[in-house]
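# Fold and geometry: a report
One-letter residues, chain by chain:
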Amino acid sequence: MYGMLLESVQYFVQKEYGEEIWKKALVLAECKHTVFNTHQVYPDFIMSNIASALATLTSKSYDSFMNFFGHCFVRFFSNYGYDATIKATGRNFTEFLESVDNIHSQFRLSYPKMKSPSMYLTKVDRHGCILVYRSKRQGFTHYLMGQLDQIATEIYNLKLECQVLSTETGEVDGKTIVIVTLRLNFDNTHYVLAKQVKEEAHLKTISKLPSFNCDLLLVLFPFAILFDPAMNIVAIGEKLTQCFYLKSVMFEMEVLRTELVNRHRDNKELLVEKAENLKDSIEIDGKNISPYATIRRDSQPGQKNILLKGQMQYLADVIGIIFLCCPVVNDMGELPEQGLYLNDMNPHGLAKEMVLAGWQNNSKLELMFDKAEQRASELEINLSLLEEWKQRGDDLLYSMIPKPVAEKLRAGNNPLSTCQSFDAVSVMFCELVGFNSSTVEDAMELVSTMNAVFTCFDSLMDTFNVYKVETVGQIYMAVCGAPEETLLHAQNVCDASLCMTRHVKQLQIPSGTKVDVRIGVHSGPVVAGVVGIKVPRYCFFGDTVNTASRMQSTSSPGMVHISHSTKMMLPKEKYIIRNRGVVKLKGKGDVETYWIFENDLTDCMD
């Protein structure tokens, strides 16, 4: 379907349900398009998926949203002036319904890839009519009902009631089609009265006119086909006989170019015989073929099937039905494919003019459509790349600044507004020990080792909801409780620390170096905020940070050193905590500290 249909859906869903609901519907419908191009063709399932998504997000049903989409399209295409086409079609709603297929044919000049449904009326009375709707699309019945209701209300000022009488499926050219019969109830008095007056005037005119030979009618309509009451073909137009060998006509009035070929015994002559004169089967290349098995030759020049379109009229004097038709030709390029020429077209009407007009304008339209589709494709590629690079930028930003803080900065807030005090957090410092870098080779080995160890630590931080602040040399700093506050900050940091000591012993360093860590943890109040313009960082300040650093510097390899304030925030039954005794900390004096060990190994993520 063309983008204009989806544009109408987007516009009115955003208008009546809000931008937030529309964005959620696109995500739920797995629709990658956020903007729809009027002349670009999109898959049919996009509209169905959006309707299903909106039904999930609201209390309404899928059918109600498809009906709503039908209303939206009629309201939307008035912006393009297409309502004038409907108003000019007929004086009343019934005449519009009789001309829907003609309107679709005209729109194919502007929308050449349009796959429109077919509609016709089977019964008309004062209270409405019966409409037969045939389409290759599944699940669009209520979409049609919404369109008809909006057209009847907005353009013809009628109150319309639609009722589905039956729904069937069929197959045409190997494709499944849906055939829906609808009863349309509305005030149809004006149409019925006008038709009666027209018939009475027609009868009075006929009584005064002399009769004429039926051959003259077939000259005036060179592509006409005359049927008798049994729907047998009695006569056909002059040009129709010259163009092809008539074998059969389908219900849609597509004339098939077919031949029944019977090879002569000496293989020197091909005889074309009528099927009714043949036996039950014929032999071709040693195989028995049904006489009704035909050779389709759509791809051969001059042999493409001809689609005929026109009115059916009853001729009382010959007791027959004449199909006053003309071949449907979209542009000049189709004439050779059908074996036709301009002078073969009906001498009356606008068939020639339409073909010539289409030929003059079609090249410009195709060029415009190709450019529009190319730009739309480039736009989709650019949007996809934009989304990819945006995601990379987000990942980089969130690696330097916590996501909640970054969102505040994106909203235009002053960087100073990110400065915030936290009453209780736990700060952890971890230092790599066990090697030095006195030579260049040692330095390269140190960098490789630090990368392996710190990468392992980074993966543990998200597991325990701990925020990595920074790495300075061989020191790794992390915090829990800021910027996302939690009462379990001490427990989370201790769990992460114990897992770090355990994982670092299991790491396989390429150089074979044995690495260990010493960790210090302290809990207390801090102040945090974004610092710097180039490579900005979310930094922490306060005595708690200094104390945690001292706890790390006085720790031992392979041990987790915690302060008394941290110990008081931990559940006693979960850990083994041993008193280390009094330790002298710089700037703090003598302080009682503790070692912490794992009591339940399931808390550590292997």
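What you see is a predicted model, and the numbers here were worked out from it, not measured in a lab.

A word on the sheet that holds strand β4 (residues 175-185). Spatial strand order, β1-β2-β4-β3: four strands in an open sheet with antiparallel pairing. In the strand order of this sheet, the two ends are held by β1 (118-125) and β3 (161-172), each with one partner. Neighbour-to-neighbour, the strand axes of this sheet turn through a mean angle of 15°, independent of strand direction. Here strand β2 (residues 128-135) pairs with β4 via eight bridges, running antiparallel. Counted as the bridge partner of Ser-135 is Val-178 from β4. Sheet strands in contact with helix α8 (residues 141-154) are β1, β2, β3 and β4, and its direction is about 35° off that of β4.

Our focus in this paragraph is the pattern of salt bridges. Summed over all chains, the structure comprises nine salt bridges. Between Asp-125 and Arg-183 there is a salt bridge whose closest N-O contact spans 3.1 Å. On the criterion of sequence distance, the pair formed by Asp-125 in strand β1 and Arg-183 in strand β4 is long-range, its members being 58 residues apart. You'll find Asp-125 and Arg-183 in the same group, each marked buried. Glu-388 serves as the salt-bridge partner of Arg-392, at 3.0 Å between the closest nitrogen and oxygen. Here Arg-392 pairs with Glu-388, and both are found in helix α13 (residues 351-400), just four residues apart, close to one helical turn. When its relative accessible area of 36% is taken as the criterion, Glu-388 is described as partly exposed.

Let us look at the pairing of strand β18 (residues 537-541). Pairing of strand β17 (residues 516-531) with β18 involves five bridges; the strand directions are antiparallel. Bridged to Gly-529 within β18 is Cys-539. The hairpin formed by β17 and β18 contains five residues between the paired strands, and Gly-532 there has a positive phi angle of roughly 100°.

Attention shifts here to a nonpolar patch on the surface. Residues Phe-212, Leu-216, Val-219 and Leu-220 make up a contiguous nonpolar surface patch of about 370 Å² in total accessible area. As for its position among the elements, Leu-220 is in helix α10 (residues 214-220). Leu-220 gets classed as partly exposed once you look at its relative accessible area, which sits at 40%.

What counts and how
- Residues numbered from 1 in each chain as written.
- Predicted model: local features only at pLDDT ≥ 70, side-chain atom pairs only at ≥ 80, totals over all residues.
- Heavy atoms only, no water.
- Pairing = 2+ DSSP bridges.
- Helix = DSSP H or I, 4+ residues; strand = E, 2+ residues; numbered from the N terminus.
- Axes fitted to C-alpha atoms, helices over the stretch in contact; angles between N-to-C directions.
- Contact = heavy atoms within 4.5 Å.
- Salt bridge = Lys/Arg side-chain N within 4 Å of Asp/Glu carboxyl O.
- Buried < 20%, exposed > 50% of the residue type's maximum accessible area, 1.4 Å probe, protein only.
- Patch = residues over 30% accessible without salt bridge, like charges linked within 9 Å, V, L, I, M, F, W, Y side chains within 5 Å.
- Areas by Shrake-Rupley, 256 points an atom, 1.4 Å probe, with all protein chains shown as cover.

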